[in-house]
Amino acid sequence: MVEDRSVSREVRLSLRGDIERIEDRASEQPRPPATVAMFSCSRAGLFEEFHLPRIVRDRIVANTTPWLRPMLAVLDEYHRTCVATVDQGWAQLWELYLGEFRKIGEIHDVALRQPAYAGWHGLLEYRLRNKSDTSTRRHYRRIASALNHLFQNEEYHLLVVGVHREDTSLFLESLPHALRSRVARTIDIAHNSRSLAEIRQATEAVVEDYKREEELRLVSNVTDRVAIGMSALGM
């Protein structure tokens, strides 16, 4: 196309600049693994690149609009996941997407210790425990509000919650209904016994299980439609 005289000189010059820029970037070392999608328009001063997590067949397309379909198809395979590790006095928020696990937020509150002693007729213990429970519920509501805001403003697909097993129900009850339906699974963090690497590994396993279940649902939907004569199976 750069030699096609039916195309305007401005377009041909822009294409030459695009090819040179892409070749320069492709020759740079070290290159990241998997695939890089590049979008270039020298005439408009545009150059963007996106790193994809798996191999995609090489292809060059020249058009007036970006050819996004292969890149979007790959990105659709990956579920952007928010991970909340929760304790009674703090919470950390993480994102797992395209093979990267990064911290996106942190919440701290004052946590009252659970009383293990009795005061006068047990009244002191009761009051302290009641105050601690109220503080915990307030803390969980604050976390739930932050997560709800995050899901409303970012494109997250799944929520994984790391919480002490005995507090799981209490925390899930604090989540709005719409957000509760996004919870893929809860992870018992067993009083901070899990390392960050273990939390990431557990989250990756949750996402893989979710993807397999999603694929099974899609297959089941297709076979159900075939069974009632709404579609054909195969090519």
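Before reading further, recall that the structure is shown in the block above.
This text gives an overview of the structure that appears in the document.

1. Focus: the overall build of the protein chain
Reasoning step 1: Across its full length, the protein chain holds six helices and seven strands.
Reasoning step 2: Going residue by residue from the N terminus, the α and β elements of the protein chain occur as α-β-β-α-β-β-β-α-β-α-α-β-α.
Reasoning step 3: Relative to its full complement of 235 residues, the protein chain shows a buried share of 29%.
Reasoning step 4: Look at the contacts in the protein chain between residues 6 or more apart in sequence, and 49% of them connect residues 24 or more apart.
Reasoning step 5: For the protein chain, the computed accessible surface area is about 15800 Å², with 52% contributed by carbon and sulfur atoms.

2. Let's talk about the sheet that holds strand β5 (residues 100–108)
Reasoning step 1: In space, the five strands of this open sheet follow the order β5-β4-β3-β6-β7, with mixed pairing throughout. Here the strands that pair on one side only, and so sit at the sheet edges, are β5 and β7 (183–188). Sheet twist, expressed as the mean angle between neighbouring strand axes with direction ignored, is 20°.
Reasoning step 2: The sheet contact formed by strand β3 (residues 81–86) and strand β6 (residues 158–163) spans five bridges and is parallel. Note on β6: the bridge partner recorded for threonine 85 is glycine 162.

3. Concerning the pattern of salt bridges
Think of it this way: side chains of opposite charge can pair up when their charged atoms draw near.
Reasoning step 1: Applying the stated criterion to the full structure yields 11 salt bridges.
Reasoning step 2: Between glutamate 95 and arginine 80 there is a salt bridge, with the nearest N and O atoms lying 2.9 Å from each other. Taken together, the residues span a long stretch of sequence, with glutamate 95 in strand β4 (residues 90–97) and arginine 80 in the loop between α2 (69–76) and β3 at a distance of 15 residues. Judged on exposure class, the residue glutamate 95 and its partner arginine 80 are both buried.
Reasoning step 3: Ionic pairing is found between arginine 165 and aspartate 188, a salt bridge with its closest N-O pair at 3.2 Å. One end of the pair, arginine 165, is in the loop between β6 and α4 (168–174); the other, aspartate 188, is in strand β7, and 23 residues separate them in sequence.
Reasoning step 4: Where salt bridges share partners, they join Arg80, Glu95, Arg102 and Glu154 into one cluster.

4. Focus: helix α1 (residues 9–27)
Reasoning step 1: For α1, built from 19 residues, the straight-helix expectation of 27 Å at 1.5 Å per residue is met to within 8% by its first-to-last C-alpha distance of 27 Å.
Reasoning step 2: Of all the positions in α1, only Arg12, Ser14, Leu15, Asp18 and Arg25 are classed as buried. Buried residues of α1 fall within an arc of 160° about the axis and therefore sit on the same side. Counted as exposed and oriented over 90 degrees from the buried face of α1: Arg9, Glu20 and Glu23.
Reasoning step 3: Residues of α1 that are buried in the fold lie against β1 (35–41) and β2 (46–52).

5. Here's the deal with the environment of leucine 159
Reasoning step 1: Note on placement: leucine 159 falls in strand β6.
Reasoning step 2: Residues contacting leucine 159, with those up to four places away along its chain left out, are Cys82, Ala84, Leu147, Phe151, Leu175, Leu179, Arg182, Val183, Ala184 and Arg185.

6. Observations regarding the pairing of β1
Two faces make up the sheet, and in a regular strand the side chains alternate between them.
Reasoning step 1: Where β1 lies against β2, seven bridges are found, and the strand directions are antiparallel. Note on β2: the bridge partner recorded for serine 40 is phenylalanine 47.
Reasoning step 2: Connecting β1 to the antiparallel partner β2 that follows it, the hairpin turn spans four residues, and glycine 45 within it adopts a positive phi of roughly 70°.

7. Some points on unusual backbone geometry
Reasoning step 1: In this structure, leucine 98 is a non-glycine residue whose phi angle is positive, near 55°.
Reasoning step 2: Residue leucine 98 is classed as partly exposed on the basis of its relative accessible area of 26%.

8. Focus: the side chain of threonine 168
Reasoning step 1: Structurally, the position occupied by threonine 168 is in helix α4.
Reasoning step 2: Classification of threonine 168 by relative accessible area gives buried; the value is 15%.
Reasoning step 3: Not counting residues up to four positions away in its chain, the partners in contact with threonine 168 are Val163 and Thr186.

Thresholds, definitions, all that
- Residues numbered from 1 in each chain as written.
- Predicted model: local features only at pLDDT ≥ 70, side-chain atom pairs only at ≥ 80, totals over all residues.
- Heavy atoms only, no water.
- Helix = DSSP H or I, 4+ residues; strand = E, 2+ residues; numbered from the N terminus.
- Buried < 20%, exposed > 50% of the residue type's maximum accessible area, 1.4 Å probe, protein only.
- Contact = heavy atoms within 4.5 Å.
- Areas by Shrake-Rupley, 256 points an atom, 1.4 Å probe, with all protein chains shown as cover.
- Pairing = 2+ DSSP bridges.
- Axes fitted to C-alpha atoms, helices over the stretch in contact; angles between N-to-C directions.
- Salt bridge = Lys/Arg side-chain N within 4 Å of Asp/Glu carboxyl O.
- Expected span 1.5 Å × (residues − 1).
- Arc of directions from axis to C-beta.

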